[in-house]
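A structural walkthrough
These are the residues of each chain, in order.
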Amino acid sequence: MSSAHSQKNLSNPPQTILTPRFLGSRVSGLESLAGSLKVSSKDLLDLAENADSYYRLVEREAKPDGSFREKYDTNEPLKSLLQAINSRFLKRCDYPDYLTGSLKGWSYLKNAQLHAGQGTIISIDATNFFPSISQSSVKDIWFNLLQFEETAAETLSKLCTRRGFLAQGAPPSSFLANLAFWDIEPLIVAQLRSQGFKYSRYVDDIVVSHERHLTRVQKTGAIKAAQKVFLSKGLKIKTRKTKVADRNRCQTVTGLNVNSGRARLPKKKQRLLRASVYRFVKDSAGEMGTYQERLTRFRSLEGKILSLRQTGSKVADQLLKSLRTARPTKAE
């Protein structure tokens with residue numbers, strides 16, 4: 001494959017996200033793919049045809065609208081194979097700077113900071129994001145973007161999807177979600193940047209902002225342009241969650257307040273986090289739940305506090321110290 005395209009300058013945007021560091025080329029058929037992943041072609045095909053049976057539901061979270069967010073993991077041997085696909089291919093892609101979710105060096109905090117202090121901020125969400133990215137869209141990534149031979153691309157698309165769609169939480173899903181709009185997103189970003197907008201996408205959350213307080217017509221134009229990203233693959237927009245906030249109103253990006261020019265966790269969420277730490281420490285004395293359940297809860301709270309500390313919060317260190325006094329330990 002030819003040398004990688006740089007995507008830091010989008011004044012003349014590339015239409016692909018390419019890398020020279022892995023196998024992807026039309027000559028890379030099933031045998032080459034299997035060899036690269038250190039499995040036999042037969043085992044690769046067998047796993048692809050039976051991939052659904054290796055996915056398992058690990059979390060089902062109720063959402064405010066009454067629907068559920070389902071997260072999945074995978075059992076062996078599929079899990080190791082998907083991790084190899086990540087390492088061999090997806091982690092070696094050169095992702096553009098407007099993609100900020102689940103990628104090394106990025107976080108929801110850095111995503112919010114990109115839009116801090118702007119005159120107008122627009123947020124757009126897609127409905128049922130991961131379950132709406134189809135196997136055909138995933139095949140399109142492997143075949144047309146990453147240039148795998150068709151049989152190899154078809155096999156990879158079967159391995160990386162459950163019942164014909166991406167499964168949130170599975171090893172390759174976040175990378176493929178970032179690549180899903182490879183053919184149109186760079187063009188939309190270039191169009192918006194040429195008009196002075198900033199654009200970022202944190203998985204299923206598109207944020208567009210401008211330093212000026214925009215007119216109604218300008219806001220409508222920006223919304224329609226950004227929505228084309230999701231609509232291009234048949235995703236539906238959460239119209240009730242499309243938010244437009246000028247500087248004189250509360251502006252939030254990925255859950256953080258950005259009015260001050262710096263991303264900060266809203267005070268209400270800080271209070272909720274403090275209460276969650278208090279309950280965890282109190283519950284730990286009674287050894288509530290299994291060790292693994294307590295450890296999962298501990299790590300979740302620790303991650304939230306570490307993110308809070310990055311915002312410059314003065315209470316983060318105190319919360320972290322309190323939480324770590326109740327770190328779960330295995331029973332003797």
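Heads up: the structure comes first, above all this text.
Remember, predicted model here, so these are calculated numbers, not experimental data. (Residues numbered from 1 in each chain as written. Predicted model: local features only at pLDDT ≥ 70, side-chain atom pairs only at ≥ 80, totals over all residues. Heavy atoms only, no water.)

Spatial ordering of the open sheet is given by S4-S5-S3-S6, a layout of four strands whose pairing is antiparallel. Edge positions in the sheet fall to strand S4 (197-202) and strand S6 (243-246), since each has one partner strand and no second. With strand direction ignored, the average angle separating the axes of adjacent strands in the sheet is 15 degrees. In the sheet, strand S3 (residues 120-125) pairs with strand S5 (residues 205-210) via six bridges, with the strands oriented antiparallel. Each bridged residue has a counterpart across the sheet, and for Ile122 the counterpart in S5 is Val208. Strand contacts of helix H8 (residues 185-194): S4 and S5, with the helix running at about 150 degrees to S4, the strand carrying the most contacts. The sheet contacts of helix H9 (residues 216-231) involve S3, S4, S5 and S6, and relative to S3 the element is tilted by about 30 degrees. (Pairing = 2+ DSSP bridges. Helix = DSSP H or I, 4+ residues; strand = E, 2+ residues; numbered from the N terminus. Axes fitted to C-alpha atoms, helices over the stretch in contact; angles between N-to-C directions. Contact = heavy atoms within 4.5 Å.)

This part covers unusual backbone geometry. The peptide bond linking Glu76 to Pro77 adopts the cis configuration, its omega dihedral lying at 5 degrees. By the element assignment, Pro77 lies in the loop between strand S2 (68-74) and helix H3 (78-88).

Among the secondary structure elements, Thr155 is positioned in helix H6 (residues 150-159). Looking at Thr155, its side chain comes within polar contact range of the main-chain oxygen of Thr151, at 2.9 Å. Ignoring sequence-local partners within four residues, the contact set of Thr155 consists of Leu30, Leu44, Leu45 and Ala48. (Polar contact = N/O pair within 3.5 Å; in protein donor to acceptor, adjacent residues only side chain to side chain.)

Taken together, Lys267, Lys268, Arg271 and Arg274 make up a surface patch of like positive charges. In this structure, Lys268 sits in helix H10 (residues 267-284). Taking the relative accessible area as the measure of exposure, Lys268 reaches 58% and is therefore exposed. (Patch = residues over 30% accessible without salt bridge, like charges linked within 9 Å, V, L, I, M, F, W, Y side chains within 5 Å. Areas by Shrake-Rupley, 256 points an atom, 1.4 Å probe, with all protein chains shown as cover. Salt bridge = Lys/Arg side-chain N within 4 Å of Asp/Glu carboxyl O. Lys, Arg positive; Asp, Glu negative; His and termini not counted. Charge placed at Lys NZ, Arg CZ, Asp CG, Glu CD. Buried < 20%, exposed > 50% of the residue type's maximum accessible area, 1.4 Å probe, protein only.)

What follows covers the packing of aromatic side chains. Under the definition given, this model contains ten aromatic pairs. Ring centres 5.7 Å apart and planes at 70 degrees place the aromatic pair Phe181 and Phe230 in the edge-to-face group. A residue pair is termed long-range when its members are at least 10 positions apart, and Phe181 in the loop between helix H7 (173-179) and H8 and Phe230 in helix H9 qualify at 49 residues. As far as the burial class goes, Phe181 and Phe230 line up, both buried. Counting every residue linked through ring pairs, the aromatic cluster contains Phe129, Phe130, Phe181 and Phe230. Lying over the aromatic face of Phe68, Arg60 brings its terminal NZ or CZ to 3.8 Å of the ring centre. (Phe/Tyr/Trp six-rings, centres within 6.5 Å; stacked < 30°, edge-to-face > 60°. Lys NZ or Arg CZ within 6 Å of the ring centre and 35° of its normal.)

Our focus in this paragraph is the packing of helix H5 (residues 135-145) against H6. One can describe the packing of H5 onto H6 by two numbers: an axis separation of 8 Å at closest approach and a directional angle of 135 degrees. In terms of orientation, H5 lies oblique with respect to H6. Between H5 and H6 lies a crossing whose hand is right-handed. Along the contact surface, H5 presents Gln135, Val138, Lys139, Trp142 and Phe143, while H6 presents Glu150, Ala153, Glu154, Leu156, Ser157 and Lys158. (Parallel < 35°, antiparallel > 145°, perpendicular 65-115°, else oblique. Left-handed = near helix turned anticlockwise from the far one by under 90°.)

Let us look at the pattern of salt bridges. Scanning all chains against the criterion turns up 17 salt bridges. Residue Asp73 pairs with Lys79 through a salt bridge whose shortest N-O separation is 3.1 Å. Taking the shortest distance from any N to any O, the salt bridge between Asp125 and Lys241 comes out at 3.3 Å. Placement of the pair is Asp125 in strand S3 and Lys241 in the loop between H9 and S6, with a sequence separation of 116 residues.

As a further point, take H8. Because the α-helix completes a turn every 3.6 residues, residues three or four places apart line up on one side. For H8, every residue scored as buried is listed here: Glu185, Pro186, Ile188, Val189, Ala190 and Leu192. Against H7, S4, S5 and H9 lie the buried residues of H8. Remark: Gly196 follows H8 within two positions and exhibits a positive phi of approximately 90 degrees.

That's the geometry; what it means functionally is another story.
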